[in-house]
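Structural description and commentary
Chain residues, written in single-letter form:
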Amino acid sequence: MSEDRAGASLRTPILGTAAAGLLLLALWQAGHAAYGTLVLPSPAETFWAMGKLATNGTLLPAVAQTAANALAGFAAAVLVGGMLGTFAGLWSPARHLLQPIATLALGVPAIAWVVLSLLWFGGSGLAVAFTVLVTTAPIVFAAATQGVLTLDGSLRRMARSFRVPWHVLMTDVYLPHMLTHLFPALATALAMSWKIAVMTELLGGTGGIGDGLATARVQVDTAAAMAWIVVIVVLLWMQDRLLLEPLRSRLEAWRRELPGAGASAFRSPAAT
Amino acid sequence: MTTDPLPGTDSGLVATEVAFAYGPLPVLDGLSITLPSTRLSCLVGPSGCGKSTLLALLGNLLAPARGTITHAFRRPAFVFQDPCLLPWRNAVDNIAFGLKAQSIPRRERRDRAEASLATVGLAPADAGKYPHQLSGGMRQRIALARALVVEPDFLLLDEPFNALDADLRRQMQDLVRQLIEERRLTALMVTHDRAEAVRLADRLFLMSAAPARIVAEHDIDRAFAERDDAFLQVQLAWLQDAARPVQN
């Protein structure tokens, strides 16, 4: 790949993102012009409201609390879903027992889990983390099981022939393969964790971004509500750009072609 | 590591009356085989007769339902028909994989793996390449290096050159034969290619269809370098003759 093309491929996503951002801002402004501040405050009013939330000391503690709730639930889901999923993949009786339970858990609407966890744990951070755990763990479970089941049998046989200990079998053979299934599931579960956390906070009045949204609703402060929405969207976008994307690129280093390898010749110009 | 023979014999492995079945399907039925120590034995037979199963049994990957397998080796190593490389590890890490079963520090594992690249005819520049960036022949060389780097005293080869073209096949056959001689290893190779078997083997074993037994065995005493085409034709004729009753 020439330097020019490499530069172009780096610039294209940045330009694309900037263009998408500007387009959204323009549509937002047009919506505001058509319907007025009560229905859709302008971007300027929204950022002004966000500035107010930041300066009166509401914004940062709320973000920190939502992050703590969402990430605690997500971490527990990765641990529980990942371990049970691996176990179910390795041992079919466990799979036959756990798979229907995971399917059932996935079938329960997230809002039902919110109500149940608020009844069980009251309006605390624990209720939020628990809701995140039960709604995202089945996704991690299914991906981990699938990851174990789809490992090429010849690799397992090769590893057995060298008599490597079980922890090497996990770290060198199973885990790298499982990650190809797990990573997209983890990215989805992480984004879901934030949304579920906000929803539970909103209904439970447990503090955090969701609580801020509930307050804005009560006060019919659409600008503040929009400010909270922008905060959560920016947080999710930053998470994707700064955490998931570099991680994805690092994990998939082994799939890359050698520089100048034939495959790049077949890539469409639009993709480069 | 040179293979030690069984005490008081020049045999590397003796299997007696071995039986094995996959569920109700008998694969081996009272099979007996004696492998000469520090020699390459080749196993030929009709496809699906249980050659690979026998290899797995003799290499301790499977346990026989009946019969005994006696051997003096401590470190068997396999080379399979498919190179079975870890796609997410580069060439050197794939070679070093087998060493993880031994308590060898990371640095030494890497050094030994790098040194073994040259043994199988790979360049130092190939060390960091991932399997999908290498040709089929190079991948099979890495699989061979991975087996040799653990310093095995019993090398088991399951149709290792099947996927290679004729030239590459010949190169790899010569390399394996040379390494077995240099290291004085006991080796057993499964092949469906009779010409390959008579060219490489010190002892030939012919298996019947499943449930399999050894129906003929034959020593080829001539040194590898002195096996000319005329000699190989005679050996091949013997093998074809012996195989006629078991052909399916």
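Look a little higher up for the structure.
The following refers to the structure shown. (Residues numbered from 1 in each chain as written. Chains lettered and ligands numbered in written order. Predicted model: local features only at pLDDT ≥ 70, side-chain atom pairs only at ≥ 80, totals over all residues. Heavy atoms only, no water.)

1. Comments concerning the pairing of strand S7 (residues 186-190) of chain B
Residue and element names in this part refer to chain B. Of all five residues in S7, five are buried, a share of seventy percent or more. As paired strands, strand S3 (residues 40-44) and S7 are joined by four bridges and run parallel to one another. The residue bridging Leu40 from the neighbouring strand is Ala187, located in S7. In terms of strand pairing, strand S6 (residues 154-158) meets S7 through five bridges, oriented parallel. Counted as the bridge partner of Phe154 is Thr186 from S7. Chirality of the crossover, the property in question, places the unit of S6, helix H5 (residues 166-183) and S7 among those that are right-handed. (Buried < 20%, exposed > 50% of the residue type's maximum accessible area, 1.4 Å probe, protein only. Helix = DSSP H or I, 4+ residues; strand = E, 2+ residues; numbered from the N terminus. Pairing = 2+ DSSP bridges. Right-handed = clockwise from strand over helix to strand, strands pointing away.)

2. Here we look at the nonpolar core
Ranked by internal contacts, the top residues of the largest apolar core, which has 139 residues, are Leu28, Ile33, Leu43, Phe97, Leu144, Leu155 and Met207 of chain B. The element that contributes the greatest number of residues to this core is helix H8 (residues 166-204) of chain A, accounting for 15 residues. Summarising the domain contributions, this core has at least three residues from each of domain 1 (1-75 + 154-248) and domain 2 (88-151) of chain B. With sequence-adjacent residues up to four places away left out, Ile33 of chain B is seen in contact with Leu13, Val14, Ala15, Leu43, Leu54, Leu58, Phe205 and Ile214 of chain B. One finds Ala77, Trp113, Leu133 and Val134 of chain A within the second-largest nonpolar core, a separate group that totals six residues. (Core = buried A, V, L, I, M, F, W, Y, C linked by side-chain atoms within 4.5 Å. Domains from an automatic or database assignment. Contact = heavy atoms within 4.5 Å.)

3. Focus: helix H4 (residues 92-107) of chain A
Residue and element names in this part refer to chain A. In a regular helix each residue adds 1.5 Å, so 16 residues correspond to 22 Å; H4 covers 22 Å between its end C-alpha atoms and thus fits that length. At Leu98, H4 is deflected by roughly 30°, the largest bend along its length, and proline Pro100 occurs up to four residues later in sequence. Contacts made by the buried residues of H4 are with helix H3 (59-90), helix H5 (110-121) and helix H6 (125-149). (Expected span 1.5 Å × (residues − 1). Bend = angle between axes of the 7 residues up to and from the residue.)

4. Considering the pairing of strand S8 (residues 203-207) of chain B
Taken residue by residue, a regular strand's side chains alternate between the two faces of the sheet. All names here are of chain B. The buried count for S8 comes to five of five residues, which makes it a mostly enclosed element. Side chains Arg203, Phe205 and Met207 project from S8 onto one buried face, and the interleaved Leu204 and Leu206 project onto a second face that is buried too. With four bridges connecting them, S3 and S8 associate as parallel partners. Each residue of the ladder has a partner; that of Val44, found in S8, is Leu206. In this sheet, strand S9 (residues 214-219) lies alongside S8 in antiparallel orientation, the contact comprising five bridges. Bridge pairing links Met207 to Ile214 in S9. A loop of six residues connects S8 with S9, the two strands running antiparallel in sequence.

5. Quick notes on the interface of chain A and chain B
Tallying the contact residues gives 24 residues for chain A and 24 residues for chain B. Buried area between chain A and chain B, summed over both chains or domains, comes out near 2,200 Å², and the portion from carbon and sulfur atoms is 66%. Interface area lost by chain A to chain B is led by Phe162, Asp172 and Trp254 of chain A, which between them contribute 31%. Counting across the interface, chain A meets chain B through two salt bridges. Between Lys100 of chain B and Asp172 of chain A there is a salt bridge whose closest N-O contact spans 2.6 Å. (Buried area = accessible area lost by both parts, 1.4 Å probe. Salt bridge = Lys/Arg side-chain N within 4 Å of Asp/Glu carboxyl O.)

6. Describing the pattern of salt bridges
All names here are of chain B. One pass over the full model with this rule turns up 18 salt bridges over all chains. With a closest N to O distance of 3.3 Å, Arg110 and Asp93 form a salt bridge. A residue pair is termed long-range when its members are at least 10 positions apart, and Arg110 in helix H3 (residues 106-119) and Asp93 in helix H2 (residues 91-96) qualify at 17 residues. A residue is classified by how much of its surface remains accessible, and Asp93, at 31% relative accessible area, is partly exposed. The closest approach of N and O atoms between Asp202 and Arg177, which form a salt bridge, is 3.1 Å.

7. Describing unusual backbone geometry
The phi dihedral of Arg163 of chain A is positive, around 55°, even though this residue is not glycine. At Glu159 of chain B, a residue that is not glycine, the phi angle is positive and equals roughly 45°. Judged by its relative accessible area of 12%, Glu159 of chain B falls in the buried class.

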